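Chain by chain, the residues:
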Amino acid sequence: MRHSRHIAILFIAYASIARLAAQSQVLRWAGDPEGGAPFVEADPSRPEQVVGFDVEVAELLARGLGRTPEFLNVTFTSIDQSIARGDADIGMSGIEDTPARRATLAVTMPYYEFREVLSVRDADASRVRTLADLRGRRVATLAGTIAYEILLRAERDHGVRAVSYEDDVHPYSDLVIGRVDAVLLDNVLAERRRRAMQGFTILPQTIAIGHYVGVLAPSNGPLRDTIDEILRRAMRDGTLQRILTKWRVWNDDQPKLYARLLAGEPVDAVTGLDTSVSVATMTSWEAARRYFPSLLRASGVTIVLSCVSMALAVLIGVLIATGRVYGAPPVRAALLGYVELMRGTPILLQLFVLYYGLAAAIRLPAFAAALLGLALNYAAYESEIYRGALEAIPPGQLEAARTLGLSERQVLTLVRGPQAFRLALAPMTNDFVALLKDSSLVSVLTVLELTKETQIFATNLGSWVLPGSLCAALYLAMSLPIAALARRLEQRWRSPAA
Amino acid sequence: MAIAGRMTDARPRNVVLYVEGVQLRRGARVVLAGVTCAIRRGELVAIMGPSGSGKTTILRAIAGLEPFQAGRIGVDGVTLEGGATPPSATLRALRRKVGMVFQFHCLFEHLTAVQNICLAPVHALRVAPNVAAARAHELLRTFGVDNRADALPRQMSGGEAQRVAIARALAVDPPVLLMDEPTASLDPARRTELGELLQGLLRQHRTLVVATHDEEFAREFATRIMRLKDGVIAD
């Protein structure tokens, strides 16, 4: 008996050591392959594999560490948080060096220097030189990047209107079709899009200079130092140059950067943007004070968007429900088809189709597309609530109304509808609160609402605790009054029985 | 199934409501197998019969709520033909002639007593709201429930709800009032009050047709009793 217990303990210990050993043989690295070339992208010939210069740099690092690289797919804006919680050893996906990252994560030495450049439509190329020339115009970029910070400052200083995107492809397609007037992004991204798309010009002026780095968890300092040593070696022996040349991103800026790094000179995270006021270096109170007005503004967008789309959804939902209860068979079938289509496909897909998919036919402004997308989707759910409520009204109520001489329309509007509305109120309130939160999905259409603004705040701060708490408080401040109002209405309609 | 002969020629004078050979089936089940009767203005006719004999169905057919396959129903000059969907103009005209009080009252749950009574005069007859409200209060006073004017149906007792339902039906001033099992939810004292109330309506030259199981009520207050059995008038 004692023997077998010893054997079991030995087996568990052996298994644990073997697992640890296997883990240490792997370098897990996180990146986002969505529109990620030349950084990270799915290999067109083998979509289950990724290719790109960051992929090859990760392989270089793994080789130097004597490990096998293992890729972890993480959304670009979540890479920092994913690394901080230990999902992967290192994050690399064109990640910018910023004071916030230096303050909250273990950041490697830079391995690439990029320039923030403006792109404009060909016709505007001769008129625009700097951001100051874009007063009152819409300038697009990726949210949570240095370029976005630059645009926020330019909003204050030059009156441009910053528009944030979730990916680096649609800013350029929207530039060409006229939804935005300029794009500010890394020269790497701009040049890649320029090779694939006509109709815009990359301006030669440099707005700011930044660097790509790898990010590790703050506790991973020793691994970061080893990785820096591998990078230095690769800079010296030309391995990095070979990788970057292969991916057509090598240029004259890189030898200068490498010379400074190898000489031990310090390299600023960003040149051309005053980062001394970064939120990452502020106290939480100061950061909250600075970001709160923009969170409030974003809450305004959320509440307007939710209220107007809910009103539209209710209106369309009532029409659909009425058609399904009173309509002829073909009308009922068509409306059922609409409801099933809207309920059976993701709202995110519907928003993409409405905004980007139909852009060739109807060029809806982002806010209008967001509003319509939410309204059309929620109308399907609302219609089912109203249909159920209409059908729940006892037939005796309708017959009593008919015997009094009311027309069918009057029966609906004076007797059936008002009673159904009382039944529908609770699920409607539920849907309104759900819509309030689902409105965060429209950030994919460049609408800067509360969740997106919070995400930007969190990225810049390097923590979700404070931004998340503020965001939750604001959502509650919006949803609780709605629930309270609905409760009051229900109580008023539910007077005591005799 | 025998169809009763047409009684147009033999119809007694002063008939306000007639039913001629009405047949009504629900699927394979025959509910009315050729009902024929004539009711004179100012009568209170009690239709009696066992459960399932078609008492409620004949009232619903007269009120235009139940389509029937054959026969004819006429109410004060408005005729419904069996086997055809009545034109909406006919139904509109019928609603001015016939009021109905349902067994479970069917007051509109979201409206107070006064609002229930005013709804049809204001919206179907285009009576001014203040005139309709004054008439509603007068009806409630007549039936002794004016203190419940602002009560919702669920706040009323069965007897109160029934009186409000009668007031609602009378608010559009129909010459014929149909009532389905009016005594079903009443205690003896309330039943007597109801009978007296209905006799008051007779004095206003209204015609009442009451479907009931209540033999005693029928004997005491009805001017005539008709018995339905197996879908036909037995006597």
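If you're wondering where the values come from, they're calculated on a predicted model, not measured in any experiment. Throughout this document, residue positions are counted from 1 along each chain, in the order its sequence is written. Written order decides the labels, with chains lettered from A and ligands numbered from 1. Given that the model is predicted, a residue must reach a pLDDT of at least 70 before its local features are reported, and side-chain atom pairs must reach 80 or more before they are shown or counted; all residues, however, enter totals for whole chains, interfaces and linings.

Colleague: Please clarify how the overall build of chain B should be interpreted in this entry.
Modeller: Per the convention used, a helix needs a DSSP run of H or I reaching at least four residues, while a strand needs a run of E reaching at least two, with both numbered from the N terminus. Check the secondary structure of chain B and you find seven helices and 10 strands. Taking 18 Å as the expected radius of gyration for a compact globule of 235 residues, we find that chain B reaches 18 Å, a close match to that expectation. Counting only C-alpha atoms and orienting by the principal axes, one finds that chain B spans roughly 50 × 40 × 35 Å. Partly exposed residues are those falling between the two cut-offs: more than 12 but fewer than 20 other C-beta atoms within 10 Å of their own, whereas 20 or more means buried and 12 or fewer means exposed, with C-beta atoms placed from the backbone. Each of the 235 residues in chain B was classed as buried or not, and the buried ones make up 47%. In this treatment the radius of gyration is a C-alpha quantity, and the globule benchmark scales as 2.2 Å times the residue count to the 0.38 power.

Colleague: How should the overall build of chain A be read in this particular structure?
Modeller: Of the regular secondary structure elements, chain A holds 18 helices and 12 strands. Taken along the three principal axes of its C-alpha coordinates, chain A extends 95 × 90 × 50 Å. Looking at chain A as a whole, 43% of its 498 residues are labelled buried.

Colleague: Is there a simple way to think about unusual backbone geometry in this case?
Modeller: Outside of glycine, negative phi angles account for most residues, and trans bonds account for most peptide bonds. Positioned with a positive phi, A:Arg248 is a non-glycine residue whose angle comes to about 60°. Here A:Arg248 lies in the loop between helix H9 (239–246) and helix H10 (253–262).

Colleague: What is the right way to look at the domain arrangement of chain A in this model?
Modeller: As a measure of interface size, the accessible area lost when the parts come together is often cited. Residues and elements named next belong to chain A. By convention here, the domain bounds are inherited from an automatic or database domain assignment. The domains assigned to chain A are domain 1 (2–110 + 213–271), domain 2 (112–211) and domain 3 (284–493). Its C-alpha centre places domain 2 at a distance of 34 Å from the equivalent point of domain 3. Mapped onto the side of domain 2 that touches domain 3, the elements with two or more residues apiece are strand S9 (161–165) and helix H6 (170–177). Per-element accounting of the side of domain 2 that touches domain 3 gives the leading share, three residues, to S9.

Colleague: I tried to follow the environment of A:Glu384 on my own but got confused; where do I start?
Modeller: Note on placement: A:Glu384 falls in helix H14 (residues 366–392). Sequence separation of A:Glu384 and A:Gly317 is 67 residues, and the distance between their C-alpha atoms is 7.8 Å.

Colleague: What's the story with the interface of chain B and chain A in this structure? I'm lost.
Modeller: Tallying the contact residues gives 23 residues for chain B and 18 residues for chain A. Under the grouping applied here, Gly and all other residues not named as nonpolar or charged are polar, the nonpolar ones being Ala, Val, Leu, Ile, Met, Phe, Trp, Tyr, Cys and Pro and the charged ones Asp, Glu, Lys and Arg. When the residues that make up the side of chain B that touches chain A are grouped by side-chain class, the tally is 13 nonpolar, five polar and five charged. Throughout, a pair of residues is in contact if the C-beta atoms placed from their backbones lie within 7 Å.

Colleague: Please clarify how the sheet that holds strand S11 (residues 200–212) of chain A should be interpreted in this entry.
Modeller: The strands that make up a sheet pair up through hydrogen bonds in the backbone, lying either parallel or antiparallel. Residues and elements named next belong to chain A. By the convention used here, strands pair only if DSSP detects at least 2 bridges between them. Read across the open sheet, the five strands follow the order S9-S8-S10-S7-S11; overall the sheet is mixed. Unpaired on one side and paired on the other, S9 and S11 mark the two borders of the sheet. Averaged over all adjacent pairs, the angle separating strand axes in this sheet is 25°, with direction ignored. The axes used here are C-alpha line fits, helices contributing only the stretch in contact, and every angle between their N-to-C directions lies in the interval 0 to 180 degrees.

Colleague: What am I meant to see in the nonpolar core here?
Modeller: Proteins that are soluble and globular tend to have nonpolar side chains buried together. When buried Ala, Val, Leu, Ile, Met, Phe, Trp, Tyr and Cys residues are joined through C-beta atoms within 7 Å, the set is termed a nonpolar core. Of all hydrophobic cores here, the largest spans 131 residues; its most connected members are A:Val139, A:Leu151, A:Ala182, A:Leu184, A:Ala370, A:Val442 and A:Leu445. Counting residues per element, this core draws most heavily on H14(A), which supplies 14 residues. Once residues within four sequence positions are removed from consideration, A:Leu445 is found in contact with A:Leu351, A:Tyr355, A:Ala366, A:Ala369 and A:Ala370. Listed in part, the 79 residues of the second largest apolar core include B:Phe108, B:Val122, B:Leu139 and B:Val176.

Colleague: Looking at this structure, how should I read the pairing of S9(A)?
Modeller: Consecutive side chains along a regular strand alternate between the two faces of the sheet. Residues and elements named next belong to chain A. Most of S9 sits out of view: four of its five residues are buried. Bridge analysis of strand S8 (residues 138–142) against S9 gives five bridges, and the strand direction is parallel. The residue bridging Thr-141 from the neighbouring strand is Ser-164, located in S9. Clockwise travel from the first strand over the helix to the second, with the strands pointing away from the viewer, marks a crossover as right-handed. Between S8 and its parallel partner S9, the chain crosses via helix H5 (residues 146–158), and the hand of that crossover is right-handed.

Colleague: Teacher, can you tell me more about the pairing of strand S5 (residues 78–81) of chain B here?
Modeller: All names here are of chain B. Pairing of strand S4 (residues 70–75) with S5 involves four bridges; the strand directions are antiparallel. Bridging across to S5, Ile-73 finds its partner in Leu-80. Taking the residues between adjacent antiparallel strands as the criterion, S4 and S5 are bridged by two residues, where Asp-76 takes a positive phi near 45°.

Colleague: What is the right way to read the sheet that holds strand S2 (residues 29–40) of chain B from this model?
Modeller: Residue and element names in this part refer to chain B. Taken in spatial order, the four strands line up as S2-S1-S4-S5 in an open sheet, and their pairing is antiparallel. Across the chains shown, the open sheet's two edge strands, defined by having one partner strand only, are S2 and S5. Going across the sheet, the axis of each strand differs from the next one's by a mean of 15°, ignoring polarity. The strands that helix H1 (residues 55–62) touches are strand S1 (15–26), S2 and S4; relative to S1, the one it contacts most, it runs at about 115°. This element, helix H2 (residues 88–97), spans S4 and S5 of the sheet and lies at about 125° to S5.

Colleague: Sorry if this is basic, but what is going on with the packing of H14(A) against helix H16 (residues 408–438) of chain A here?
Modeller: Relative placement of two packed helices is described by the angle separating their axes and the distance separating the axes. All names here are of chain A. Relative to each other, H14 and H16 sit at 150°, their axes nearing to 8 Å. The angle between H14 and H16 falls in the class roughly antiparallel. Note that H14 runs across H16; the crossing there is right-handed. Side by side, H14 and H16 meet where Leu-374, Tyr-378, Tyr-381, Glu-382, Ile-385, Tyr-386, Ala-389, Leu-390 and Ala-392 of the first sit next to Arg-416, Ala-420, Leu-423, Ala-424, Pro-427, Met-428, Asp-431, Leu-435 and Asp-438 of the second. Taken together, the residues of the contact of H14 with H16 break down into 14 nonpolar, no polar and four charged. Orientation labels follow simple angle bins: below 35 degrees gives roughly parallel, above 145 gives roughly antiparallel, 65 to 115 gives roughly perpendicular, and whatever is left gives oblique. The handedness criterion is simple: a crossing whose near helix is rotated anticlockwise from the far helix by less than a right angle is left-handed, and one whose near helix is rotated clockwise is right-handed.

Colleague: I would appreciate a short explanation of the environment of A:Ile316 in the present structure.
Modeller: Summarising the element assignment, A:Ile316 is placed in helix H11 (residues 284–326). Other than its neighbours up to four places away in sequence, A:Ile316 contacts A:Ala375 and A:Ala379.

Colleague: Could you clarify how one ought to interpret the confidence of the model for chain B in this entry?
Modeller: In regions of low pLDDT, the predicted coordinates are not meant to be interpreted in detail. Residues and elements named next belong to chain B. In the predicted model, chain B carries a mean pLDDT of 87, and the fraction of residues at 70 or more is 94%. The predictor rates its confidence in each residue with pLDDT, a number between 0 and 100. Taken element by element, the predicted model of chain B shows its lowest mean pLDDT in helix H6 (residues 188–203) (84) and its highest in helix H3 (residues 113–123) (95). For this predicted complex, the interface score ipTM comes out at 0.89, while the overall pTM is 0.73.

Colleague: Help me understand the packing of helix H17 (residues 450–461) of chain A against helix H18 (residues 465–493) of chain A in this model?
Modeller: Residue and element names in this part refer to chain A. Packing of H17 against H18 brings their axes to within 9 Å, and their N-to-C directions diverge by 165°. In terms of orientation, H17 lies roughly antiparallel with respect to H18. Of the two possible hands of crossing, H17 and H18 adopt the one that is right-handed. Across the interface between the two elements, Leu-450, Thr-451, Thr-454, Phe-457, Ala-458 and Leu-461 from H17 touch Leu-466, Pro-467, Gly-468, Cys-471, Leu-474 and Tyr-475 from H18. Counted by class, the contact of H17 with H18 contains nine nonpolar, three polar and no charged residues.

Colleague: Can you help me understand H1(B) in this one?
Modeller: Every α-helical turn comprises 3.6 residues, leaving residues that sit three or four positions apart pointing alike. Residues and elements named next belong to chain B. Summarising burial for H1: seven of the eight residues are buried, a large majority. Looking at H1, one finds that the buried residues are Lys-55, Thr-57, Ile-58, Leu-59, Arg-60, Ala-61 and Ile-62. Gly-64 sits one or two positions beyond H1 and adopts a positive phi of about 80°.

Colleague: I tried to follow H6(A) on my own but got confused; where do I start?
Modeller: Restricting attention to buried positions, one finds in H6(A) the residues A:His170, A:Pro171, A:Tyr172, A:Asp174 and A:Leu175. A positive backbone phi angle near 95° is found at A:Gly178, which sits one or two residues after H6(A).

Colleague: Honestly, the environment of A:Leu257 in this entry has me stumped. Any pointers?
Modeller: Along the polypeptide, A:Leu257 turns up in helix H10. Residues contacting A:Leu257, with those up to four places away along its chain left out, are A:Pro110, A:Glu113 and A:Val267.

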